[in-house]
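If you want the building blocks of each chain, they are given just below.
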Amino acid sequence: MVDTVRMLSTLALKGAVQSLAGQYRAAGGARIDADFAPTLALLDRLRAGEAADVVILTREGLDEVAREGRVVTETCVDLARSFVGIAVKAGAAHPDIATEAALRAALLGARSVAYSRLGASGILFARLIEQLGIAAEVNARAQIIPQGFTAEKLVTGEADLAVQQISELKQVGGIEVVGAIPRDLQTPAVFSAGRMVASDKPDEADRLLRFLASPAVAPALRESGLEP
């Protein structure tokens, strides 16, 4: 058995993968050497020739690299879905975001809103504020980060609200997740995994994929803010 399997994963699965790595190792699996970044950044890296055994991307991103011949289509499996949520600094008042009108008022009332330029959540949010007719007002005061965890801007005091996948918000200490943006205003992101065609450890990669798609990982996914 090989000692290490190399994984490139979207940030949304960081908490779950880190939680599950020890469980997988204890069950006789290889050590997971994981690197985390937004899907769009990972797509650029894969197309530039970066090597990995297993990749976890949005379903759309995984389908793209499978069509390009970089991922073995037959190994692709859906792992979890995630909703975009709102967070505040720990101890701060939780705004009402239960309806479109309430969310609109909360965003307009915030001193600054943090969101990511590259992540799936940031792309959705940019479209959403355009749809709500408040893009100019929100963006004039927004903290738009290139990638990473938007909730860090809450801890530093640079933003009142942070927008990201709930599983990503939960990666930052000192914050509280208010809840999901109303579900009729968003489409859940589906995160999927597959084996790289160029992997020289196909058996171990496939074993890891079976583990990640198994019912045994469901508690860790839920704890991290994802839905199996």
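From a predicted model like this one, the values you see are computed outputs, not experimental measurements.

Undergrad: Would you mind showing me how to read the sheet that holds strand β6 (residues 113–116) here?
TA: Two pairing modes exist for strands in a sheet, parallel and antiparallel, and in both the strands are linked by backbone hydrogen bonds. The strand order across the open sheet formed by five strands is β7-β6-β8-β5-β9, and the pairing between neighbours is mixed. Across the chains shown, the open sheet's two edge strands, defined by having one partner strand only, are β7 (143–145) and β9 (175–180). Neighbour to neighbour, the strand axes of the sheet diverge by 25 degrees on average, direction disregarded. Sheet topology note: the β6/strand β8 (residues 161–165) ladder contains two bridges and is parallel. What sits directly across from Ala114, in β8, is Ala162. Relative to β6, helix α5 (residues 120–131) is tilted by about 125 degrees, and along the sheet it contacts β5 (84–89), β6 and β8.

Undergrad: Please clarify how the pattern of salt bridges should be interpreted in this entry.
TA: A side chain with one charge may pair with a side chain of the opposite charge, provided their charged atoms come close. Under the counting rule described, the total for this entry stands at 15 salt bridges. Among the ionic pairs, Arg6 bridges to Asp33, the shortest N-O distance being 3.6 Å. You can see Arg6 sitting in strand β1 (residues 4–10) and its partner Asp33 sitting in strand β2 (residues 31–37), a full 27 residues away along the chain. The residue Arg47 makes a salt bridge to Glu64 at a minimum N-O spacing of 2.7 Å. Taken together, the positions of Arg47 in helix α2 (residues 39–47) and Glu64 in helix α3 (residues 59–67) put the pair 17 residues apart, joining distant regions of the chain. Exposure remark for Arg47: the relative accessible area of 34% places this residue in the partly exposed category. Residue Glu64 is classed as partly exposed on the basis of its relative accessible area of 27%. One salt-bridge network, in which partners are shared between bridges, spans Arg6, Asp33, Asp35, Arg45 and Glu50.

Undergrad: Is there a simple way to explain the packing of aromatic side chains in this structure?
TA: The full count for this structure, using the stated rule, is two aromatic pairs. Each ring, one from Tyr24 and one from Phe211, has its centre 5.0 Å from the other, and the planes form 40 degrees; the classification is tilted. Within this pair, whereas Tyr24 is found in helix α1 (residues 14–26), its partner Phe211 is found in helix α9 (residues 202–212), the two being separated by 187 residues in sequence. Comparing Tyr24 with Phe211 shows no difference in burial state: the two are buried. Arg183 extends its terminal NZ or CZ atom over the ring of Phe83, reaching a point 3.7 Å from the ring centre.

Undergrad: What am I meant to see in empty space enclosed by the protein here?
TA: Gaps left between atoms are located by rolling a probe of water-molecule size over the structure's atoms. Summed over all chains, the structure comprises one cavity of 30 Å³ or more. Of the volumes computed, that of the largest cavity is approximately 30 Å³. Lining the largest cavity are Leu11, Pro38, Ser116, Gly119, Ala120, Ser121, Gly148, Gln164 and Glu168. Here the residues of the lining of the largest cavity are counted per class, giving three nonpolar, five polar and one charged.

Undergrad: Whenever I open this one, the nonpolar core confuses me. Can you help?
TA: Soluble, globular proteins show a tendency: their nonpolar side chains are buried together. Counting residues in each nonpolar core, the largest one holds 38 residues, and the members touching the most others are Met7, Leu13, Ile56, Leu208 and Leu212. Element by element, the count of residues in this core is highest for α9, at five residues. Not counting residues up to four positions away in its chain, the partners in contact with Ile56 are Met7, Leu8, Ser9, Thr10, Leu13, Val17, Leu42, Leu79, Ser192, Ala193 and Leu212. One finds Leu103, Leu124, Phe125 and Leu161 within the second-largest nonpolar core, a separate group that totals 23 residues.

Undergrad: What's the story with the layout of surface pockets in this structure? I'm lost.
TA: The computed volume of the largest pocket comes to approximately 540 Å³. Lining the largest pocket are 28 residues, with Thr58, Glu60, Ala120, Ile123 and Ala189 positioned closest to its centre. Elements that contribute at least two residues to the lining of the largest pocket include exactly α2, α3, α5 and β10 (189–195). Broken down by element, the lining of the largest pocket gets its largest block of residues, five residues, from α5. Along the lines of polarity and charge, the residues of the lining of the largest pocket split into 13 nonpolar, ten polar and five charged.

Undergrad: Is there a simple way to explain α5 in this structure?
TA: Because each turn of an α-helix spans 3.6 residues, side chains separated by three or four positions in sequence point in the same direction. Here α5 spans 17 Å end to end across twelve residues, near enough to the 16 Å set by a 1.5 Å rise per residue. Directly beyond the C-terminal end of α5, a positive phi value near 75 degrees is found at Gly133.

Thresholds, definitions, all that
- Positions within a chain are numbered from 1, following the residues in the order the chain's sequence is written.
- The predicted origin of the model limits local features to residues at a pLDDT of at least 70 and limits the giving and counting of side-chain atom pairs to 80 or more, whereas totals for whole chains, interfaces and linings rest on all residues.
- Think of the side-chain values as coming from all heavy atoms in the structure, minus any hydrogens and water.
- Following DSSP output, two strands are said to pair if at least two bridges run between them.
- Strands are runs of DSSP state E lasting at least two residues, helices are runs of H or I lasting at least four, and both sets are numbered from the N terminus onward.
- For helices, the fitted line uses only the C-alpha atoms of the stretch in contact; every axis is such a line through C-alpha atoms, and the angle between N-to-C directions lies from 0 to 180 degrees.
- Note on contacts: a residue pair qualifies if any of its non-hydrogen atoms lie within 4.5 Å across the two residues.
- What counts as a salt bridge is simple: a side-chain nitrogen of Lys or Arg found within 4 Å of a carboxyl oxygen of Asp or Glu.
- Per-residue accessibility, obtained with a 1.4 Å probe over protein chains only, is compared with the maximum for each type, and a residue is labelled buried under 20%, exposed over 50%, and partly exposed between these values.
- Here a Phe, Tyr or Trp ring, Trp counted by its six-membered ring, pairs with any other such ring whose centre lies within 6.5 Å, and the pair is stacked when the planes are under 30 degrees apart, edge-to-face when over 60, and tilted otherwise.
- Whether a charge lies above a ring is judged from NZ of Lys or CZ of Arg, which has to be within 6 Å of the ring centre and within 35 degrees of the ring normal.
- Within this scheme a cavity is a closed region of a 1 Å grid, computed over the protein atoms alone, that accommodates a 1.4 Å probe without allowing it to escape, whereas a pocket is open but has protein on both sides within 12 Å along at least five of seven lines; lining residues each have an atom within 4 Å of a point.
- Grid points are joined across faces, edges and corners, and a volume is the space filled by probe spheres set on the points.
- The nonpolar class holds Ala, Val, Leu, Ile, Met, Phe, Trp, Tyr, Cys and Pro. Asp, Glu, Lys and Arg form the charged class, and all remaining residues, Gly among them, are polar.
- Joining through side-chain atoms within 4.5 Å is the link that ties buried Ala, Val, Leu, Ile, Met, Phe, Trp, Tyr and Cys residues into a set, and such a set is a nonpolar core.
- Take the residue count of a helix, subtract one, and multiply by 1.5 Å to get its expected span.

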